[in-house]
Amino acid sequence: QVQLVESGGGLVQPGGSLRLSCAASGSIPSFSTMAWYRQAPGKQRDMVASISTGGNTGYADSAKGRFNISRDNAKHTTYLQMNSLTPEDTAVYYCNLYNVRRTRNYWGQGTQVTVSS
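In short, a report on the structure. (Residues numbered from 1 in each chain as written. Predicted model: local features only at pLDDT ≥ 70, side-chain atom pairs only at ≥ 80, totals over all residues. Heavy atoms only, no water.)

1. Regarding the overall build of the chain
Along the chain, the regular secondary structure elements total 0 helices and 11 strands. In the chain, the succession of helices and strands from N to C terminus is β-β-β-β-β-β-β-β-β-β-β. Taken over C-alpha atoms, the radius of gyration comes to 14 Å for the chain, in line with the 13 Å a tight globule of 117 residues would show. For the chain, long-range pairs separated by at least 24 residues make up 52% of all intrachain contacts whose partners lie at least 6 apart in sequence. Accessible area of the chain: about 6,200 Å², with a carbon and sulfur share of 47%. Placing the 11 positive and 6 negative side-chain charges of the chain at their respective mean positions leaves the two points 8 Å apart. (Helix = DSSP H or I, 4+ residues; strand = E, 2+ residues; numbered from the N terminus. Rg over C-alpha atoms; globule rule 2.2 N^0.38 Å. Contact = heavy atoms within 4.5 Å. Areas by Shrake-Rupley, 256 points an atom, 1.4 Å probe, with all protein chains shown as cover. Lys, Arg positive; Asp, Glu negative; His and termini not counted. Charge placed at Lys NZ, Arg CZ, Asp CG, Glu CD.)

Okay, here's the thing in structure tokens:
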């Protein structure tokens, strides 16, 4: 099993920044992808950004140019730096980890991000 613990959420004003962290522990696959998803009330959970063990990244169109995902493999931790936040970014942000063959898939408990003045 793998446990994922997110941190860094909170309330921020429009135009502000937040940095989310997700620390993995347990039986972590040697090669994996770590990703951030978000879910706003009444909406589906959507992928925001992802990063592989080798550092390959992917972003949703809404995140490109504003968000940056990074990863510290030694600490089994991924980070999501979010800049120029807007109220549309308000959601619960979830950390996700899966192995190469997607036979193992894990989720964190989520962290609330609220963008409001």
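Here the narrative resumes, following the displayed structure.
2. What about the nonpolar core?
Within the largest apolar cluster, 25 residues are counted, with the highest numbers of intra-cluster contacts made by Leu4, Trp36, Leu80, Met82 and Tyr93. Among the elements of the structure, β1 (2-7), β3 (18-26), β4 (32-39), β5 (46-52), β7 (67-72), β8 (77-82), β9 (91-99) and β11 (111-115) are those that each provide at least two residues to this core. Not counting residues within four places of it along the chain, the set of residues in contact with Leu80 comprises Leu18, Arg19, Leu20, Trp36, Val48, Ala49, Phe67, Asn68, Ile69 and Tyr93. (Core = buried A, V, L, I, M, F, W, Y, C linked by side-chain atoms within 4.5 Å. Buried < 20%, exposed > 50% of the residue type's maximum accessible area, 1.4 Å probe, protein only.)

3. Quick look at the pattern of salt bridges
In this structure the tally under the stated criterion is 3 salt bridges. Between Arg38 and Asp89 there is a salt bridge, with the nearest N and O atoms lying 2.9 Å from each other. With Arg38 in strand β4 and Asp89 in the loop between β8 and β9, this residue pair connects regions lying 51 residues apart in the sequence. Overall, the relative accessible area of 14% leaves Arg38 in the buried class. Since its relative accessible area comes to 1%, Asp89 is described here as buried. One salt bridge connects Asp89 with Arg66, and the closest N-O pair in it is separated by 2.8 Å. Within this pair, whereas Asp89 is found in the loop between β8 and β9, its partner Arg66 is found in the loop between β6 (57-59) and β7, the two being separated by 23 residues in sequence. Since its relative accessible area comes to 19%, Arg66 is described here as buried. Put simply, Arg38, Arg66 and Asp89 are held in one network by salt bridges that share partners. (Salt bridge = Lys/Arg side-chain N within 4 Å of Asp/Glu carboxyl O.)

4. Section: the side chain of Asp89
Of the polar contacts made by the side chain of Asp89, one reaches the backbone nitrogen of Thr86; its length is 2.8 Å. With sequence-adjacent residues up to four places away left out, Asp89 is seen in contact with Arg38, Arg66, Phe67, Ser84, Val113 and Val115. (Polar contact = N/O pair within 3.5 Å; in protein donor to acceptor, adjacent residues only side chain to side chain.)

5. Some thoughts on the side chain of Ser32
Of note, Ser32 is situated in strand β4. In this structure the side chain of Ser32 is engaged in a polar contact, spanning 2.7 Å, whose partner is the side chain of Arg71. The contact partners of Ser32, leaving out residues within four places of it in the chain, are Ile51, Ser52, Thr53, Arg71, Leu97, Tyr98 and Asn99.

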